[in-house]
Amino acid sequence: MTSSPDVATAETDSVSDQVFETAAEVFKVMSAPMRLKIISSLCKQEKNVSELLSEIKTTQPNMSQHLNTLYQAGVLGKRRDGVQIYYRITNVRMANLCRAICTQIAIEGEYGDK
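All values derive from a computational prediction rather than experimental measurement.

Enquirer: Got a minute to help me understand the packing of helix 2 (residues 33-44) against helix 5 (residues 92-108) in this structure?
Expert: Between helix 2 and helix 5, whose axes approach to 10 Å, the crossing angle comes to 110°. Between helix 2 and helix 5, the angle is such that the two are roughly perpendicular. Side by side, helix 2 and helix 5 meet where Leu36, Ile39 and Cys43 of the first sit next to Ala95, Cys98, Arg99 and Cys102 of the second.

Enquirer: Is there a simple way to explain helix 4 (residues 60-72) in this structure?
Expert: The terminal C-alpha atoms of helix 4 lie 18 Å apart, and with 13 residues this matches the ideal 18 Å at 1.5 Å per residue to within 8%. All of the buried residues in helix 4 are Met63, His66, Leu67 and Leu70. Mapping the buried residues of helix 4 onto a view down its axis gives an arc of 100°, with all of them on the same face. Among the exposed residues of helix 4, those oriented more than 90 degrees off its buried face are Pro61, Gln65 and Gln72. A positive backbone phi angle near 85° is found at Gly74, which sits one or two residues after helix 4.

Enquirer: What is the right way to read the nonpolar core from this model?
Expert: Inside soluble globular proteins, nonpolar side chains tend to come together where they are buried. Core analysis: the largest hydrophobic core is formed by 20 residues, its most contacted members being Ile38, Ile39, Leu67 and Leu76. Of all the elements in the fold, those that place two or more residues in this core are helix 1 (5-29), helix 2, helix 3 (49-55), helix 4, strand 3 (84-89) and helix 5. Those residues in contact with Ile38, other than ones at most four positions away along the chain, are Ile56, Met63, His66, Leu67, Leu70 and Leu76.

Calculation criteria
- Residues numbered from 1 in each chain as written.
- Predicted model: local features only at pLDDT ≥ 70, side-chain atom pairs only at ≥ 80, totals over all residues.
- Heavy atoms only, no water.
- Axes fitted to C-alpha atoms, helices over the stretch in contact; angles between N-to-C directions.
- Helix = DSSP H or I, 4+ residues; strand = E, 2+ residues; numbered from the N terminus.
- Parallel < 35°, antiparallel > 145°, perpendicular 65-115°, else oblique.
- Contact = heavy atoms within 4.5 Å.
- Expected span 1.5 Å × (residues − 1).
- Buried < 20%, exposed > 50% of the residue type's maximum accessible area, 1.4 Å probe, protein only.
- Arc of directions from axis to C-beta.
- Core = buried A, V, L, I, M, F, W, Y, C linked by side-chain atoms within 4.5 Å.

That's the geometry; what it means functionally is another story.
Below you can see the structure in the form of structure tokens.
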């Protein structure tokens, strides 16, 4: 059974739309420099909020807000150890994307392609 060109185009458009919607969600999560710093820091090892705050200069409420956003988006996982909550990367694809983009920008410097 063959489908008409209109049906095939509609199916392709709907798949493409979903891909673009998903990509837009990824970019939305990664759009805050603070979140990129957090992801970069956690690529090395899991850390608690105090450890993150010692590396990334911000307030505790701001850090918590960004950690929650990354957790809700499925980028981070967390575990409790006593009173401490440790965060880790759970979405390796997002971490790799962050690393690739930031590395490329650093290589290009301010004179790279914009």
